[in-house]
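# Structure assessment
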Number of protein chains: 2
Amino acid sequence: MATGRTHRPATRSRGIPEATVARLPLYLRALTALSERSVPTVSSEELAAAAGVNSAKLRKDFSYLGSYGTRGVGYDVEYLVYQISRELGLTQDWPVVIVGIGNLGAALANYGGFASRGFRVAALIDADPAMAGKPVAGIPVQHTDELEKIIDENGVSIGVIATPAGAAQQVCERLVAAGVTSILNFAPTVLSVPDGVDVRKVDLSIELQILAFHEQRKAGEEAAAAEPGAVIQTPKESGKGPDGDVPAVMPA
Amino acid sequence: MATGRTHRPATRSRGIPEATVARLPLYLRALTALSERSVPTVSSEELAAAAGVNSAKLRKDFSYLGSYGTRGVGYDVEYLVYQISRELGLTQDWPVVIVGIGNLGAALANYGGFASRGFRVAALIDADPAMAGKPVAGIPVQHTDELEKIIDENGVSIGVIATPAGAAQQVCERLVAAGVTSILNFAPTVLSVPDGVDVRKVDLSIELQILAFHEQRKAGEEAAAAEPGAVIQTPKESGKGPDGDVPAVMPA
DNA sequence: CAATGTGAAGTAATTCACAGCG
DNA sequence: CGCTGTGAATTACTTCACATTG
């Protein structure tokens, strides 16, 4: 684990808050839609509504990028699209590799949103020799043996891991050793990476669990509201899980 | 949009911070792994490392759930698994429906992590009549016409939207009208829902854009470090995007 | 005068650091 | 004596509210 400094070591740089960075793609998407409808300008109010945030937050976010609006008028759509794209580094194209071409990997390969915004699938990689050569989304799958060569020859710095959990850390290490410095991880594992490598994770199961938490709470509140002091009844379809495990352990 | 109060209306309830809730599934996963290896207890330090957070944060998180540890010893793995599962509402099973059985929907249907933790795929729904009856992951796809009936009969309160962006809002409205109160949205759109309905979104393209931002920054820093005052060179594979669009617009 | 841009105020999340307990 | 549990300090993020400006 080394001595601290796991995150952004306050690198002087024009520090745009992480929360703001995470919203820029949202604004960009809304702006792109407006642009396609040839809308020339938007107010912070309108754009915020389209992006699903409130307008003060949006204006504050934009203030970190610079003063790109016009008081009394709003923002020029095209201009803002360009500025945000540039800020996000989307004016260049980023070759990415997808490792693990199972159901999910194939879905990702076929996902249109990839190409549309500055990303290009440079290669599909899978450990199964039987997959090698088979085209997925028009791209022939290559064997894991080629991983380092592919990364190097294509100058890939972003990798997507869609392998089973058990293979993820190893794949991650090979990607990093080969020069990848940003990883999008779909495998349900915590990846450990050296400093300087960014990892973002997408985990279906975690999202569902978070929803379940809120769902349960809603059910509890309902019950509580209906009959104060009532036992909390599990919502709809109550039946317990398959392995009806009970605490059993109870520390002194 | 109504008048304010869009989020958690401070419902008295033992308020667990949202950030903590989002980490509970992570702890649970790490604990489950320990449990499978028959590890009886863990310290906050060890568990935190396994979950990829720091130990102070973990202890603070657990403190919202109660005092489940033993000073000088650590946490009882089994007991903690149970407590977190209960807190997340995973001791019951949640029937979910997946709407939109394209590449992604099929990948989700096949995803094992579903069943393992309290979720059960109650139905797969698609608008394409040609899909109807075809089994995906062993479950026959049903037509959208059946949506309301399926939700109702199975007591579904969680829906997963994996349709194209254009269909998402409409599907969402039907789900909500039929009684769904939690939605996991994979379509790249902002869904608008009435109060009391939770939406979480997963957007591949947004994650990649966030990575691109950091990636670009790294490249800039490298260049700056190497030669102070140098023009920032785009990293590897510089070539501009296909449509070499330039600002063009520049507000007075 | 409408709508941006932003200090200041408010709220949430993280981290520190150590008292207290087993 | 080691490790939890937690107040206090810190840092990050959001929201308010309004002076400023095209």
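A quick note: this is a predicted structure, and the numbers were derived from the prediction, not measured.

What counts as what
Residues numbered from 1 in each chain as written. Chains lettered and ligands numbered in written order. Predicted model: local features only at pLDDT ≥ 70, side-chain atom pairs only at ≥ 80, totals over all residues. Heavy atoms only, no water. Contact = heavy atoms within 4.5 Å. Buried area = accessible area lost by both parts, 1.4 Å probe. Salt bridge = Lys/Arg side-chain N within 4 Å of Asp/Glu carboxyl O. Polar contact = N/O pair within 3.5 Å; in protein donor to acceptor, adjacent residues only side chain to side chain. Helix = DSSP H or I, 4+ residues; strand = E, 2+ residues; numbered from the N terminus. Buried < 20%, exposed > 50% of the residue type's maximum accessible area, 1.4 Å probe, protein only. Pairing = 2+ DSSP bridges. Right-handed = clockwise from strand over helix to strand, strands pointing away. Near = heavy atom within 4 Å. Nonpolar A, V, L, I, M, F, W, Y, C, P; charged D, E, K, R; others polar. Axes fitted to C-alpha atoms, helices over the stretch in contact; angles between N-to-C directions. Left-handed = near helix turned anticlockwise from the far one by under 90°. UniProt positions renumbered as here; feature names shortened; annotations may be inferred. Least-squares fit on C-alpha atoms with pLDDT ≥ 70 in both. Arc of directions from axis to C-beta. Phe/Tyr/Trp six-rings, centres within 6.5 Å; stacked < 30°, edge-to-face > 60°.

### Notes on the interface of chain B and chain A
Listed by partner, the interface residues are 91 residues for chain B and 90 residues for chain A. Summed over both partners, the interface of chain B with chain A buries about 8100 Å², with 63% contributed by carbon and sulfur atoms. Sorting the residues of chain B by area buried against chain A places Leu204(B), Gln209(B) and Leu211(B) first, and these three jointly supply 8% of that buried surface. Inspection of the chain B/chain A interface yields six salt bridges. With a closest N to O distance of 2.4 Å, Arg200(A) and Glu207(B) form a salt bridge. Inspection of the region where chain B meets chain A yields 26 residue pairs in polar contact (both at pLDDT 80 or more). Take the side of chain B that touches chain A: its biggest share by element is 16 residues, from helix α9 (residues 204-226) of chain B.

### Side note on unusual backbone geometry
One non-glycine residue with positive phi stands out, namely Ala137(A), at about 55 degrees. Here Ala137(A) lies in the loop between β6 (135-136) and β7 (139-143). Judged by relative accessible area, Ala137(A) falls into the partly exposed class, the value being 40%. Even without being glycine, Ser38(B) reaches a positive phi, approximately 60 degrees. Looking at where Ser38(B) falls in the secondary structure, it is placed in the loop between α1 (18-36) and β1 (41-42). Judged by relative accessible area, Ser38(B) falls into the exposed class, the value being 61%.

### Observations regarding the pairing of strand β8 (residues 158-161) of chain A
All names here are of chain A. Where burial is concerned, the two faces of β8 agree: the one with Ile158 and Val160 and the one with Gly159 and Ile161 are both buried. Bridge count for β8 against strand β9 (residues 182-185) is four bridges, and the pairing is parallel. Paired with isoleucine 161 across the two strands is asparagine 185, which belongs to β9. Where the polypeptide runs from β8 across helix α8 (residues 165-178) and back to β9, its parallel neighbour, the crossover connection is right-handed.

### Section: the side chain of Glu215(B)
Mapping Glu215(B) onto the fold places it in helix α9. With near-sequence residues (within four places) excluded, Glu215(B) lies in contact with Trp94(A), Ser157(A), Ile158(A), Thr181(A) and Ser182(A).

### A short note on the protein's contact with DNA strand D
Looking at DNA strand D, there are 24 residues lining it, with Arg23(A), Asn54(A), Arg71(A), Ser44(B) and Arg59(B) nearest. Protein-proximal atoms of DNA strand D, defined as those within 4 Å of the protein, fall in sugar or phosphate at a share of 65%. Between a base oxygen of DNA strand D and a side-chain N or O atom of Arg71(B), the distance comes to 3.0 Å. Between DNA strand D and Tyr75(B) there is a distance of 2.9 Å, counted from a phosphate oxygen to a side-chain nitrogen or oxygen. Those elements that place two or more of their residues in the surface near DNA strand D are α1 (18-36) and α3 (55-65) of chain A together with α3 (55-65), β2 (69-70) and β3 (74-76) of chain B. Residue classes in the surface near DNA strand D are distributed as five nonpolar, ten polar and nine charged.

### Describing the packing of α1(A) against helix α4 (residues 77-88) of chain A
All names here are of chain A. Relative orientation of the contacting elements α1 and α4 amounts to 145 degrees, with a least axis distance of 9 Å. Note on packing geometry: the crossing formed by α1 with α4 is left-handed. Of the residues in α4, those in contact with Val21, Leu24, Pro25, Tyr27, Leu28, Leu31, Thr32, Leu34 and Ser35 of α1 are Val77, Glu78, Leu80, Val81, Ile84, Ser85, Glu87 and Leu88. A class-by-class count of the residues in the contact of α1 with α4 yields twelve nonpolar, three polar and two charged.

### Let's talk about the UniProt feature "DNA-binding region" (unreviewed entry) in chain A
What UniProt calls "DNA-binding region" (unreviewed entry) maps, in this numbering, to residues 26-65 of chain A. The span residues 26-65 of chain A is 75% helix and 5% strand, and its two end C-alpha atoms sit 15 Å from each other.

### A few points about the pattern of salt bridges
Residue and element names in this part refer to chain A. Per the stated rule, a full pass over the model turns up 16 salt bridges over all chains. One salt bridge connects aspartate 61 with arginine 23, and the closest N-O pair in it is separated by 2.7 Å. Of this pair, aspartate 61 sits in helix α3 while arginine 23 is found in helix α1, placing the two residues 38 residues apart along the sequence. Taken individually, aspartate 61 and arginine 23 each receive the classification buried, so the pair is uniform in this respect. In this structure, the salt-bridge partner of glutamate 148 is arginine 174, at a minimum N-O distance of 2.9 Å.

### Re the relation of the copies chain B and chain A
Superposition record for chain B on chain A: RMSD 0.1 Å, screw rotation 180 degrees, translation along axis 0.0 Å. The relationship between the two copies is best expressed as a two-fold rotation axis. Most of the interface of chain B is mirrored in chain A: 99% of its interface residues are interface residues there too.

### What about α3(A)?
Residues and elements named next belong to chain A. When we look at burial in α3, the residues that qualify are Ser55, Leu58, Asp61, Phe62 and Leu65. End-on, the buried residues of α3 take up no more than an arc of 120 degrees, which puts them together on one face. For α3, the elements touching its buried residues are α1, α2 (44-51), β3 (74-76) and α4. Put simply, asparagine 54 is the residue that caps the front of α3, since its side-chain oxygen is 3.1 Å from the backbone nitrogen of alanine 56. In the stretch just after α3, glycine 66 is the one whose phi turns positive, near 140 degrees.

### Here we look at the packing of aromatic side chains
Residue and element names in this part refer to chain B. Tallied over the full model, the rule gives six aromatic pairs over all chains. Each ring, one from tyrosine 27 and one from phenylalanine 62, has its centre 5.2 Å from the other, and the planes form 80 degrees; the classification is edge-to-face. Residue tyrosine 27 is located in helix α1, and its partner phenylalanine 62 is located in helix α3; the two are separated by 35 residues in the primary sequence. With respect to burial, tyrosine 27 and phenylalanine 62 carry one shared label: buried. Ring geometry for tyrosine 68 against tyrosine 79: centres 5.6 Å apart, planes inclined by 85 degrees, an arrangement best described as edge-to-face. Residue tyrosine 68 is located in the loop between α3 and β2, and its partner tyrosine 79 is located in helix α4 (residues 77-88); the two are separated by eleven residues in the primary sequence.

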